[in-house]
Structure formats: structure tokens, C-alpha cells
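Residues per chain, in single letters:
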Amino acid sequence: MVLLPQTDQLRALHTVVRDRNASPREFTFYSRRIIRLLLETGMDLLPFEEREVTTPVGQTYRGLGFARNLCGVSVVRAGEAMEGELRDMVPGIGIGKILIQRDKQTKLPDVLFQSLPVDIADGQVLLLEPMLATGGSTLAAVEVLGKAGVTEENIVLVNFLASPQGLERLGREAPGLRIVTSAVEEGLNEQAFMVPGIGDFGDRFFGTAPRAVAS
């Protein structure tokens, strides 16, 4: 697991997005700044290959080429918040989607929809899932990717907030998965919500959450 450096700047960004009175505009703007940091770090974990180019002065620069056959897969709908930044970084990148909901009776994740790039088994996958609480939905998404031919070692989970319980579970049940997160929370409360938390990420990012009333 790779945790972003806990700089004063990152803490300031988190202070804005964790504030229940932050406006939808503030939440979206500052979340996108953190998302960009996460994606840049996640892409640094991908394989690179040696590549030479000729500079404008006629000299050879021995550098690196980006990973080929890279795609993103977002866990709907919170994961869709990361798609815009990824498209800005990698123009034309293919993005798949997986819709997972928790069954009200069994409390287990239920995969309702999936649409993946046809050549996904041949490349690297950035799995976009901002919230990692119990880890159930993430593991369900990893299982979907596995059935499509993607190995755990070729998946990088790009995550906004993670609980210790969720990280421990992923380490136990998906040991090959690489994870990038911006914060590890204190834990989960009785309702399995992360604390101190951030609320419903998808609702807040897309402006569909009810505004909190200051006490």
C-alpha cells in the first residue's frame, strides 16, 4: 500500500473536503486536486519500458515509455469522480464500469452491471474506487476483473480514503493488489462508516447530497 505523503498541503485539502459545510463546488474542486495526486502516484507503479528519442539538438535521450494497454475501471458511482482527471492525463484511455450494490438482506456486495474494455486482460488496470470501508465492494470488483482475465498484479487500486479493516482484508484476500490512498482513517463505526470520514463521496462530488445544517 502506498500512502500519499501527509504534507501540510494535503492536510489542508482534506480539511476542506471533510468539512460538512463545504459547498459542492468546493468539494469537487479540492477533491479533484487530491485525485490528481493519487492518479499520478498510481501511474508511477505501472511498468515502463526503455525508450530512446532524439532531442532537438540531435542528441539521444535514453528515457522511458509509458505502460501500454492501460485502462481505467470505475466502481459506479463514486469511482466516476476520478474519470475526468484520468482522461485529462491519458487522452483516449478506455474506461470500464462496474456497478455494485450491497444486498439489503445478506449485506453482501451484488454485481449488477459491468462493461469492460475488450482487451482488458492484456494490459494494466487502474481500479477507481474512492471509498474502502469493509473492502467488500472492492473485492467484488477485483473478482469481476479476475474473471475477465486480469491478474491482481496488473491492478492498481486508486483510493481516496481507506479504513484499517479494509486494508487488512484486501491484504489477506487480494495480496497481489497494489493500493494508493490519500488517507487511512481511524476505523469504522457501528454502521461500518469510516471515521472521521467524509460522508457519501459520490453524492457530495456530484452535488446530490443534502446540505448540512450548521449546529
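Here the structure is a predicted model, which is why all the values come from computation and not from measurement.

Caption draft 1: Representation of the nonpolar core in the model. In terms of nonpolar packing, the biggest core is built from 34 residues, with Leu38, Leu126, Phe160, Ile198 and Phe201 touching the most fellow members. With 6 residues, the single largest contributor to this core is helix 2 (residues 24-43). Apart from residues no more than four positions distant in its own chain, Leu126 is found in contact with Gly42, Met43, Leu46, Leu70, Cys71, Gly72, Val73, Leu86, Val156 and Val158. In this structure, Ile98, Leu132, Ala141 and Leu170 belong to the second largest nonpolar core, which totals 24 residues.

Caption draft 2: Geometry of the pattern of salt bridges. Following the criterion strictly, the structure yields 12 salt bridges and no others. Across the salt bridge formed by Arg18 and Glu185, the nearest N and O atoms sit 2.7 Å from each other. Of this pair, Arg18 sits in helix 1 (residues 8-18) while Glu185 is found in the loop between strand 10 (178-184) and strand 11 (187-188), placing the two residues 167 residues apart along the sequence. A relative accessible area of 24% places Arg18 in the partly exposed class. Through salt bridges with shared partners, a single ionic network connects Arg32, Arg36, Glu85 and Asp88.

Caption draft 3: Local environment of the environment of Leu116. With respect to the element layout, Leu116 can be found in the loop between strand 6 (109-115) and strand 7 (124-128). In this structure Leu116 comes out as partly exposed when scored by relative accessible area, which is 22%. Leu116 sits 43 residues away from Val73 along the chain, and the two C-alpha atoms are 7.4 Å apart. The contacts of Leu116, once residues within four sequence positions are left out, are Val73, Gly96, Lys97, Ile98, Val144, Leu145 and Ala148.

Caption draft 4: Representation of the side chain of Glu85 in the model. Along the chain, Glu85 turns up in helix 3 (residues 83-89). You can call Glu85 buried: its relative accessible area is 5%. When neighbours within four sequence positions are excluded, Glu85 is seen to be in contact with Arg32, Ile35, Arg36 and Leu39.

Rules used throughout
Residues numbered from 1 in each chain as written. Predicted model: local features only at pLDDT ≥ 70, side-chain atom pairs only at ≥ 80, totals over all residues. Heavy atoms only, no water. Core = buried A, V, L, I, M, F, W, Y, C linked by side-chain atoms within 4.5 Å. Buried < 20%, exposed > 50% of the residue type's maximum accessible area, 1.4 Å probe, protein only. Helix = DSSP H or I, 4+ residues; strand = E, 2+ residues; numbered from the N terminus. Contact = heavy atoms within 4.5 Å. Salt bridge = Lys/Arg side-chain N within 4 Å of Asp/Glu carboxyl O.

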